[in-house]
Amino acid sequence: VQLQASGGGLVQPGGSLRLSCAASGNVFRIVAMGWYRQVPGKQRELVASLTNGGSTDYADSVKGRFTISRDNARNKVFLQMNSLKPEDTAVYYCHTKTWNGWAAGDYWGQGTLVTVSS
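What counts, and at which threshold
- Residues numbered from 1 in each chain as written.
- Predicted model: local features only at pLDDT ≥ 70, side-chain atom pairs only at ≥ 80, totals over all residues.
- Heavy atoms only, no water.
- Helix = DSSP H or I, 4+ residues; strand = E, 2+ residues; numbered from the N terminus.
- Contact = heavy atoms within 4.5 Å.
- Core = buried A, V, L, I, M, F, W, Y, C linked by side-chain atoms within 4.5 Å.
- Buried < 20%, exposed > 50% of the residue type's maximum accessible area, 1.4 Å probe, protein only.
- Disulfide = S-S within 2.5 Å.
- Pairing = 2+ DSSP bridges.
- Axes fitted to C-alpha atoms, helices over the stretch in contact; angles between N-to-C directions.
- Phe/Tyr/Trp six-rings, centres within 6.5 Å; stacked < 30°, edge-to-face > 60°.
- Lys NZ or Arg CZ within 6 Å of the ring centre and 35° of its normal.

How would you summarise the environment of Gln-4 if you had to cite specific residues and measurements?
Mapped onto the secondary structure, Gln-4 falls in strand β1 (residues 2-6). Here the alpha-carbon distance between Gln-4 and Ser-24, two residues 20 residues apart in the chain, equals 8.5 Å. Once you skip the residues sitting within four places of it in the chain, Gln-4 turns out to touch Ser-20, Cys-21, Ala-22 and Gln-110.

Below is the structure:
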């Protein structure tokens, strides 16, 4: 599975951004898609995930501000980020988890930088 993320950029505090990620390849094996983020010197952390069954998981720090959604017909996942804060500044990575019947797989996009600053 290949992932192509887009939509990062510079935004002022309180602003909004929408990240997009398109999956290609063996997309029929995807069981969940999501977003992680990482800042220098820290571990990559889960931001939000969405399973094929519709279950979502959000980091406590983004609940009520970020919304994850999917367009299954186009194999895309989106992250709508509202009320952005400077601490949301990070490189955001698209992620997908796959299952081929006997083993799980993890795939990552190339990362897109989100900078929240005035």
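Explain the nonpolar core to me, and be specific about the residues and the numbers.
Formed by 28 residues in total, the largest nonpolar core has its most connected members in Trp-35, Leu-79, Met-81 and Tyr-92. Contributing elements (two or more residues each) for this core: β1, β3 (17-24), β4 (30-38), β5 (45-51), β7 (66-71), β8 (76-81), β9 (90-99) and β11 (112-116). Among the elements that take part in this core, β3 stands out by supplying 4 residues, more than any other.

Lay out the state of the cysteines with the relevant residues and their values.
By the definition in use, this model includes 1 disulfide. Each disulfide pairs two cysteine sulfurs, and for Cys-21 the partner residue is Cys-94, the sulfurs being separated by 2.0 Å. The chirality of the disulfide connecting Cys-21 with Cys-94 is left-handed, given an S-S dihedral of about -85°. On the criterion of sequence distance, the pair formed by Cys-21 in strand β3 and Cys-94 in strand β9 is long-range, its members being 73 residues apart. For the pair shown, Cys-21 and Cys-94 are each scored as buried.

So what's going on with the sheet that holds β3? Residues and values would help.
If you walk across this open sheet you meet the 4 strands as β1-β3-β8-β7, and the pairing is antiparallel. Taken across any chain shown, the strands that pair with only one partner, and hence form the sheet edges, are β1 and β7. Averaged over all pairs of adjacent strands, the angle between their axes in this sheet comes to 15°, without regard to strand direction. Looking at chain direction, β3 and β8 are connected through 6 bridges and run antiparallel.

Give a detailed account of the pairing of β9, specifying residues and quantitative values.
A large share of β9 lies buried, amounting to 7 of its 10 residues. Bridge count for β4 against β9 is 8 bridges, and the pairing is antiparallel. Across the sheet, the residue bridging to Ala-32 is Lys-97, located in β9. Relative to β11, β9 runs antiparallel, the two being bridged by 3 bridges. Residue pairing across strands places Tyr-92 opposite Thr-112, the latter belonging to β11.

Which residues make up the packing of aromatic side chains, and what are the values?
Across all of its chains, the model carries 1 aromatic pair by this definition. For the pair Tyr-36 and Trp-108, a centre-to-centre distance of 4.9 Å together with 70° between the ring planes defines the contact as edge-to-face. Here Tyr-36, found in strand β4, pairs with Trp-108, found in strand β10 (residues 104-108); they are 72 residues apart in sequence, far enough to count as distant. Here Arg-18 stacks its cationic end above the ring of Phe-78, 4.0 Å away from the centre of that ring. Over the face of the ring belonging to Trp-108 we find Arg-44, whose NZ or CZ atom lies 4.6 Å from the ring centre.

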